[in-house]
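Structural description and commentary
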Amino acid sequence: MNFRYRMPYAYFLVFLLLLSTACSEKTDTEDIGPLFERQESPVNSYLYSYQDSLPLKAALAAFQLEPGLQIELLAAEPLVADPAAFAFDETGVLYVAENTGYPDPVDGTAREMEGTIARLEDRDGDGKFDYRTDFVTGLSYPNGILPWKGGVFVTCAPHLYYFKDTSGNGKADIREIVLRGFDDSKTAQIRVSHPVLGLDGWVYLTSGLTGGKVHAPSRPDKEPVEFTASDSRFHPETLEFERTAGRSQFGLAFDAFGRRFGSSNRHPLQHLVLEPRHLERNPHLPFSNTVQNVSPVESEALVFPISKSVTTADYIPRLMGRSHQGTFTSACGTLIFQGPGLSEAHVGNAFICEPAQNLVQRQRLEKKGATFVSQRVHEGWEFLASSDTWFNPVFLGHGPNGALYLADMYRKTIDHPAYVPEETRPALDFSSGKNQGRIYRIRAKGPEMPVNSFVFPKKDPVSLSETLKALSDGDAWSRETAFRLLLEAKPAESLAALRSLAREATLPETRVRALWLVHHTAGMSPELLRAALQDPHPGVREQGLWLAARSKNLIPQVEAQIFERSEDPEPRVRFAAALVLGEQSGEGKVAPLAHIAYQDAADSWLRTAVLAGLNNQTLGFLQLLRESSNEPASAGMRELFSDLGKLLAASHSFETSKNLILSIWAEETTLAEAALLAGLCQGLAEKDGQFLHLDQLGLTENQLKAWRAELTTLLNAASTAEDDRIRAVRTLGYFPPGQTENLLGSLLTPDQSNAVQLEAVTALTRQNHSKAGKLLTEAQQWKTFTPQIKAAVINRLVSQPVLLEELIHALKTGAIPAADIPSTTRQALMKSANPRVQSAADSLFDFLEEGGRMEVFSRYKEVLTLVGDFAAGKAVFRKQCAVCHRHSGEGAEVGPDLTGIGNQPASAILLHTLVPNYEILPEYQTTTVQTTDGRQLSGRILSESAHSIRLKTSFGTEETLLRSRIERMENPGTSLMPDGLEQTMTRQDLANLLSFLKGSSYP
């Protein structure tokens, strides 16, 4: 059937303009980019036609796609609208989560129940969808979908649903709430999403940066699981629910060998390396990090848009540091591509959507120790980009014929109004594009799709033999579909074939899936596990280890092969071996763990994997390490010894630690043993607050003097590495009062690195001696401190009563200006439970804290009319902002990176500077902690486990605190950025700062 269109002349001109833009070539001979071909394909299906295909053809012409590939339109409005996620079932039906109600109201009005699950079919067999059924209607904001047993799981906070059609009319008649209690109090774009089936048979979910109190209504015998922002998983049959590693926002994917990757707005690709359970088995391990940034992040996560996106890059003044044109601001829809439909070079690459700048980036993954690193494949251009600012790619997926499939939510403004200041919202259009959207397919260039040699999709019932054949397909979607079907049915008659595939399949990806299916079908044997552990492919060996951990009854029969993996040539396999060995009891695991430690001490993930599994074997492990090598310890080994010292002190009695310190000190001390001693001292001090100084160990005055001399020599030696100097400074902080303050104070000079100075501040103040307080608050000394050192000193001075007295005295005498104290600290002191401190703070700070912040903003709007100076603004940034923010690689990483903030309006930058609590993302909210020994810390939580939290303090350092040492922890919901910055700057300073941040003279 042929269709004719009458093309209005104006549309024709627009169309030609778009075509010419898409086809234009660079003329700069020094940087000739690729030759992009015009993208065009028929947009009408035999059974379904669009009344006017001109806009759809123009959208295709606006694409700039990697040469050698082509993009095809499979469905568009009104066949599909607002697609946020999709999934194919085995018959080729496409289920689409349509988030038409987005964005949710910001004024507190009732949510719009416009969300739909659409069911799309290709009835004429031309590879494009031509028939729609509203499978489910009346949802709020559906954003994730996964086929399961003839139906689909759908994430739609606060629920996770299961929908199924049992009548055959294409509409769900089973509507079950499988899980409820996910947090839906935040905006719709930061909620649970992305259900993905793992090899272990669990369904994994992103947190969306929120948590919840989740339970299965059908399992009233189970207690709800309450958790803060954390990814999670549930078992589709037992409905068990638990939190997992990661805080992914809107992106979650597995690679072919079961490694999980997530993403968040400014962190395009993150590897979720460890699970909480790995850390929780050792309650004394002061480590809570589980996520590795694989890709460059924030200001280094470059993108190359070809659009002039006024909505996201010019007019939407989101949180400071969030909207950075030319870098990722809305990374989502992550996929590790495994299909054959592009090229062999694309297999294993990561593809990441950036809807705010209308593009999709391709990154190449490479192994790096226990984890990975990725980089852009293309420099200066993107895998897919559009000049159409309405193009909003939000989701990527595998599908039939090995192609890459993409959901375009096609909106004029994709950002949520909650992140736009109220005064700007009326100027933006958040509705245009509702009920529009497209599904695209990207494949290798060619006139026709390749002949389908795959089993799936198949509309007729699929036999067991066909499903097993699909498990061996070279196409990832076919393998994934076969795996799911076999997991759903667990047919006992499949075991023989699965065992054969697990040993003999050509593709290692098939061997891995077959192994897991054997496990799920309760057919694992020692012989098959041994074969997996000795497989030629490291990905199979790694999964063999995870399977061994789940086959505890078989471990005695494969123990030798598990131990052998400690010497595996692949670091990732050794990492898995360390974690699996750590679950075993007895002394047998100590030697292989020590071997891994020697080989991989420089890798923090492998160090942690080893230490997490030691439990009551720590002393034996230490003895083996000290006896096994006479070679000088590497920097990694010294770090391992330091970590081991902290772990030993935390897990053993004071007497045991004391005797160990004395025995080590009595011998000739190597750098590794010096690191061990520093770790032991730190661990004792952090354990229960009872250990204060080294004289508690029974050392004589002469012994202390000799030790101090050794540390001084180490500090002064030009050849000493910085990490060793820092550990020496830390140890000096444990000497009795009066012995090391002057030495430590001498390190607070500009010729010392910031890291050494910061450690000296901590060492001085941990002695809790007024001399340290006097030294740090002396007027001339105070003037020499950089902003970061000042922040560290203030943070330490207010954390302990004696030091606080010195700070108050210095403020009263004028040695320290009151304005140097951040507003958050001033306010905390003015609310102190100590009446004397409160009174002193009131008299010192009252004049600085008066007046509402919006009133201040109104008074300072005149700054926007002043002419700023870029160079002077850079100096202001270094003095006032660099202690917390980075810009162009300079500064600290406490708050958001401000590189590229210049695309925001100056009024928005001024607003967030003067009213930092106007809008705060959860990850930048302040957390205050009081420890059992009286210390007070404030910062933002980087990660947490059942036994510890990792805090980025307000002066740029990281603190890992065991939960057993935390007396009180609060999150007041405020920004780490203090109020009152205008009190330390003139109006001209502010104008200069705006000029610097805007990147030019302003206005």
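Just so we're clear, the structure is a prediction, and the values are computed from it rather than from any experiment.

What to know about the overall build of the protein chain
On a plain count of helices and strands, the protein chain comes out with 32 helices and 35 strands. Classification of the 1003 residues of the protein chain by burial places 60% in the buried group. Just so you have it, the protein chain exposes about 38,500 Å², and 50% of that area is on carbon and sulfur atoms.

Regarding the sheet that holds strand E11 (residues 193–197)
Picture the strands of a sheet paired through backbone hydrogen bonds; they go either parallel or antiparallel. Read across the sheet, 4 strands follow the order E11-E12-E15-E16 without closing on themselves; strand pairing throughout is antiparallel. Where the open sheet ends on each side, the last strands, each with one partner, are E11 and strand E16 (241–243). Ignoring strand direction, the axes of neighbouring strands in this sheet form an average angle of 25 degrees.

A few points about helix H19 (residues 701–716)
End to end, H19 covers 22 Å across 16 residues, agreeing with the expected 22 Å (1.5 Å per residue, within 8%). Among all positions in H19, only Leu704, Trp707, Arg708, Leu711, Leu714 and Leu715 are buried. Down the axis of H19, the smallest arc covering the buried residues is 120 degrees, so these residues share one side. Turned more than 90 degrees away from the buried face of H19, the exposed residues are Asn702, Lys705, Thr713 and Asn716.

A look at the packing of helix H15 (residues 618–628) against helix H16 (residues 635–651)
Between H15 and H16, whose axes approach to 10 Å, the crossing angle comes to 155 degrees. The pairing of H15 with H16 is recorded here as roughly antiparallel in orientation. Between H15 and H16 lies a crossing of left-handed hand. When H15 is examined against H16, the residues Thr618, Leu619, Phe621, Leu622, Leu625 and Arg626 are found in contact with a partner set consisting of Met637, Leu640, Phe641, Leu644, Leu647, Leu648 and Ser651. Taken together, the residues of the contact of H15 with H16 sort by class into 10 nonpolar, 2 polar and 1 charged.

Some details on empty space enclosed by the protein
Where empty space is left becomes clear once a probe the size of a water molecule has been rolled over the atoms. Applying the stated criterion across every chain yields a total of 8 cavities of 30 Å³ or more. Its volume calculated, the largest cavity comes out at about 740 Å³. As for the largest cavity, its lining consists of 38 residues, of which Leu146, Val196, Leu197, His398 and Glu480 are closest to the centre. For the lining of the largest cavity, the elements supplying multiple residues, two or more each, are strand E3 (83–88), strand E7 (144–148), E11, strand E17 (252–254), strand E21 (332–336), strand E26 (393–398), helix H6 (476–489) and helix H8 (508–520). The dominant element in the lining of the largest cavity, judged by the number of residues it contributes, is H6, at 7 residues.

Observations regarding the confidence of the model for the protein chain
Per-residue confidence for the protein chain gives a mean pLDDT of 86; residues scoring 70 or more make up 89%. Long-range and interchain partners of residues 1–31, a stretch whose pLDDT sits below 50, account for 34 contacts in this model, where long-range means more than four residues apart. Ignoring residues within four places in sequence, the model shows residues 310–323, a span with pLDDT below 50, making 69 contacts including any to other chains.

What about the nonpolar core?
Ranked by internal contacts, the top residues of the largest apolar core, which has 225 residues, are Phe182, Phe383, Leu384, Phe621 and Leu694. Mapped onto the domain boundaries, this core takes at least three residues apiece from domain 1 (68–444) and domain 2 (748–850). One finds Val856, Tyr860, Val876 and Leu993 within the second-largest nonpolar core, a separate group that totals 26 residues.

Remarks on unusual backbone geometry
The omega torsion across Tyr102 and Pro103 is 0 degrees, close enough to zero to call that bond cis. Note on placement: Pro103 falls in the loop between strand E4 (94–98) and strand E5 (115–121). Omega for the peptide link from Ala157 to Pro158 comes to 15 degrees, which places this bond in the cis form. Checked against the element boundaries, Pro158 lands in the loop between strand E8 (151–156) and strand E9 (159–164). Unlike most non-glycine residues, Glu298 shows phi in positive territory, near 50 degrees. As for its position among the elements, Glu298 is in the loop between strand E20 (291–293) and helix H4 (310–314). The exposure class assigned to Glu298 is buried, which follows from its relative accessible area of 12%.

So, the pattern of salt bridges
All chains considered together, the criterion is met by 47 salt bridges. Close ionic contact of Arg411 with Asp82 constitutes a salt bridge, the shortest N to O distance being 2.9 Å. In this pair, Arg411 is assigned in the loop between strand E27 (404–408) and strand E28 (438–444) and Asp82 in the loop between strand E2 (69–76) and E3, connecting sequence segments 329 residues apart. Among the residues examined, Arg411 registers a relative accessible area of 0% and is labelled buried. Overall, Asp82 belongs to the buried group, its relative accessible area being 0%.

Quick word on the packing of H16 against helix H18 (residues 671–688)
It is at 6 Å that the axes of H16 and H18 come closest, and there the two elements cross at 35 degrees. As H16 packs across H18, the resulting crossing turns out to be right-handed. Contacts from Arg638, Phe641, Ser642, Leu644, Gly645, Lys646, Leu648, Ala649 and Ala650 of H16 reach H18 at Leu671, Ala672, Ala675, Leu676, Gly679, Leu680, Gln682, Gly683, Leu684 and Lys687. Residues belonging to the contact of H16 with H18 are distributed by class as follows: 11 nonpolar, 5 polar and 3 charged.

Thoughts on the sheet that holds E27
What the 4 strands build is an open sheet, ordered E2-E28-E27-E26; its pairing is antiparallel. The two strands at the open ends of the sheet, each matched to only one other strand, are E2 and E26. Neighbouring strand axes in the sheet, compared pairwise and without regard to direction, differ in orientation by 25 degrees on average. Where E26 and E27 come together, 5 bridges link them in antiparallel fashion. From the neighbouring strand, His398 faces E27, where its bridge partner is Leu404. Running at roughly 45 degrees to E28, helix H2 (residues 54–61) makes contact with E2 and E28 of the sheet.

What about the pairing of E26?
Among the 6 residues of E26, 6 are classified as buried, and the element is accordingly described as predominantly covered. Linking E26 back to E27 in an antiparallel pair, the connection comprises 5 residues, with Asn401 at a positive phi of about 65 degrees.

A word on the environment of Leu239
Tracing the chain through its elements places Leu239 in the loop between strand E15 (232–234) and E16. Classification of Leu239 as buried rests on a relative accessible area of 17%. Sequence separation of Leu239 and Trp202 is 37 residues, and the distance between their C-alpha atoms is 9.4 Å. Excluding its chain neighbours within four sequence positions, the residues that come into contact with Leu239 are Val178, Leu179, Ala216, Ser218 and Arg219.

Observations regarding the side chain of Asn143
In this fold, Asn143 is placed in the loop between strand E6 (131–139) and E7. A polar contact is formed between the side chain of Asn143 and the backbone oxygen of Val192, at a distance of 3.0 Å. What Asn143 contacts, discounting residues up to four positions off in sequence, is Ala84, Ala85, Ala97, Thr155, Cys156, Arg191, Val192, Ser193, His194 and Phe250.

Regarding the state of the cysteines
Think of a disulfide as a covalent bridge from one cysteine sulfur atom to another cysteine sulfur atom. Under the criterion given, the structure shown has 0 disulfides. Cys332 takes part in no disulfide bond, and the closest cysteine sulfur, belonging to Cys353, lies 5.0 Å away. We classify Cys332 as buried; its relative accessible area is 5%.

Overview of helix H27 (residues 823–830)
What H27 keeps buried is the set Ser823, Thr825, Arg826, Leu829 and Met830. The buried residues of H27 occupy an angular sector of 160 degrees when projected down its axis, which confines them to one face.

Reading the values: rules and limits
- In this convention, every chain numbers its residues from 1, walking through the sequence in written order.
- For this predicted model, a pLDDT threshold of at least 70 governs which residues receive local features, and a threshold of 80 or more governs which side-chain atom pairs are given and counted, while totals over whole chains, interfaces and linings are taken from all residues.
- Working from all heavy atoms in the structure, the side-chain values ignore hydrogens and water.
- Only runs of H or I of at least four residues qualify as helices and only runs of E of at least two qualify as strands under DSSP, and these elements are numbered from the N terminus.
- Categorising residues by exposure relies on relative accessible area from a 1.4 Å probe, with only protein chains included: less than 20% of the type maximum marks a residue as buried, more than 50% marks it as exposed, and the intermediate range marks it as partly exposed.
- With residues, only the protein chains shown are counted as cover, and all accessible areas are computed by Shrake-Rupley using a 1.4 Å probe.
- By this definition, two strands are paired if DSSP reports at least two bridges between them.
- Helix axes use the C-alpha atoms of the stretch in contact, all axes being lines fitted to C-alpha atoms, and the angles between their N-to-C directions lie in the range 0 to 180 degrees.
- One less than the number of residues in a helix, times 1.5 Å, gives the span that helix is expected to have.
- Directions are taken from the helix axis to each C-beta atom, and the arc is the one they span.
- Each angle gets one of four labels, with under 35 degrees taken as roughly parallel, over 145 as roughly antiparallel, 65 to 115 as roughly perpendicular, and the rest as oblique.
- The handedness criterion is simple: a crossing whose near helix is rotated anticlockwise from the far helix by less than a right angle is left-handed, and one whose near helix is rotated clockwise is right-handed.
- Throughout, a residue-residue contact means that at least one pair of heavy atoms, one from each residue, lies within 4.5 Å.
- Throughout, the ten residues Ala, Val, Leu, Ile, Met, Phe, Trp, Tyr, Cys and Pro are labelled nonpolar, Asp, Glu, Lys and Arg are labelled charged, and all others, Gly among them, are labelled polar.
- Here a cavity means grid points, on a 1 Å grid over the protein atoms only, where a 1.4 Å probe fits yet cannot get out; a pocket means an open set of points with protein on both sides within 12 Å along at least five of seven lines; lining residues are those with an atom within 4 Å of a point.
- Grid points are joined across faces, edges and corners, and a volume is the space filled by probe spheres set on the points.
- A residue's pLDDT is the predictor's confidence in that residue, given on a scale from 0 to 100.
- Residues belong to one nonpolar core when they are buried, are Ala, Val, Leu, Ile, Met, Phe, Trp, Tyr or Cys, and are joined through side-chain atoms within 4.5 Å.
- For the domain bounds, the source is a domain assignment made automatically or taken from a database.
- For this document, the term salt bridge refers to a Lys or Arg side-chain nitrogen within 4 Å of an Asp or Glu carboxyl oxygen.
- Each polar contact in these results corresponds to two N or O atoms within 3.5 Å; when the atoms are within protein, one needs to be able to donate a hydrogen and the other to accept it, and residues that are neighboring in sequence are counted only if both atoms are side-chain atoms.
- Throughout, a disulfide means two cysteine sulfur atoms within 2.5 Å of one another.

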